[in-house]
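Single-letter residue listing:
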Amino acid sequence: NAGVMQNPRHLVRRRGQEARLRCSPMKGHSHVYWYRQLPEEGLKFMVYLQKENIIDESGMPKERFSAEFPKEGPSILRIQQVVRGDSAAYFCASSPLTGAYEQYFGPGTRLTVT
Amino acid sequence: TQLLEQSPQFLSIQEGENLTVYCNSSSVFSSLQWYRQEPGEGPVLLVTVVTGGEVKKLKRLTFQFGDARKDSSLHITAAQPGDTGLYLCAGEAGGTSYGKLTFGQGTILTVHP
């Protein structure tokens, strides 16, 4: 059973460009979560999605960030007009329908903004 | 806002020693998870505890959830160099915070041969 998959593993963007991070949940999991780990900081919740629904986006910055989990295909975290402060590791996690607290993490995408 | 205070932040011990990592909060959590994270990788789920007072064992690792569900501990017996890594606790408060994990700052454990 494949785990949570994220791509790309590393992404370099120049200031002002767009970053798209993809996440495919574990088979059978219908909940997806995005977390951000800034240098020297802990993991911070960003957003919780189910298929075609945003359940909780209280951790998402109000501007430039958006997330979706379409009916078909992976979940996408999109960062528009990236700035240096967006450089971080972005982790996706998934959980089964009956256990939102049992979250399994992907390997992460390391975003570097130059 | 729920906060999880994890201690110690750093722990450097010799192979064979025992250790305990603590995770404390003033908030009640519906569940608490312990993860281990290797450099350049995502956190790997070790255990979930959901009942106050619950104790779970995973080989040489013992996890305990406080009676009031505000704190937890991870105890490692006879630590080995392979235990080296970053250990994270994470709590889920339920209710309006359902699905949202709050993470502690982590404990970096180094076990010397």
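Heads up: the structure comes first, above all this text.
Since we're looking at a predicted model, the values are computed, not measured. Sequence order sets the numbering: in each chain, residues are counted from 1 along the sequence as written. As a convention, the first chain written is A and the first ligand written is 1, with the rest following in written order. Restriction of local features to residues with pLDDT of at least 70 applies here, the model being predicted, together with a cutoff of 80 or more for giving and counting side-chain atom pairs; totals for whole chains, interfaces and linings are based on all residues. Neither water nor hydrogens contribute to the side-chain values; these are computed over all heavy atoms in the structure.

Q: Could you give an account of the state of the cysteines, with specific residues and numbers?
A: All names here are of chain B. A pair of cysteine sulfur atoms is labelled a disulfide when the two atoms are within 2.5 Å. Scanning all chains against the criterion turns up two disulfides over all chains. The residue that forms a disulfide with Cys-23 is Cys-89, at a sulfur-sulfur distance of 2.0 Å. On the S-S bond that ties Cys-23 to Cys-89, the torsion sits near 75°, and the link is right-handed. Placement of Cys-23 in strand 3 (residues 19-24) and of Cys-89 in strand 9 (residues 85-94) is noted, with a sequence separation of 66 residues between them. Pair check on accessibility: Cys-23 and Cys-89 agree, each one buried. Helix numbers and strand numbers start at the N terminus; a helix is a DSSP run of H or I with at least 4 residues, a strand a run of E with at least 2. Any residue under 20% of the maximum accessible area for its type is buried, any over 50% is exposed, and the rest in between are partly exposed; the area is computed with a 1.4 Å probe on protein chains only.

Q: Describe the sheet that holds strand 3 (residues 19-24) of chain A, naming the residues involved and giving the relevant values.
A: Residue and element names in this part refer to chain A. With antiparallel pairing, the four strands of this open sheet are ordered in space as 1-3-8-7. Each having just a single partner strand, strand 1 (5-7) and strand 7 (65-68) make up the two edges of the open sheet. For this sheet, the mean inter-axis angle between neighbouring strands, taken without regard to orientation, is 15°. Pairing between strands is defined by DSSP: at least two bridges between the two strands are required. Judged from the three bridges that link them, strand 1 and strand 3 form a sheet pairing that is antiparallel. Within strand 3, the position partnered with Gln-6 by the bridge is Cys-23. Every axis corresponds to a line fitted to the C-alpha atoms, with the helix fit spanning only the stretch in contact, and the corresponding angles, defined between N-to-C directions, vary from 0 to 180 degrees.

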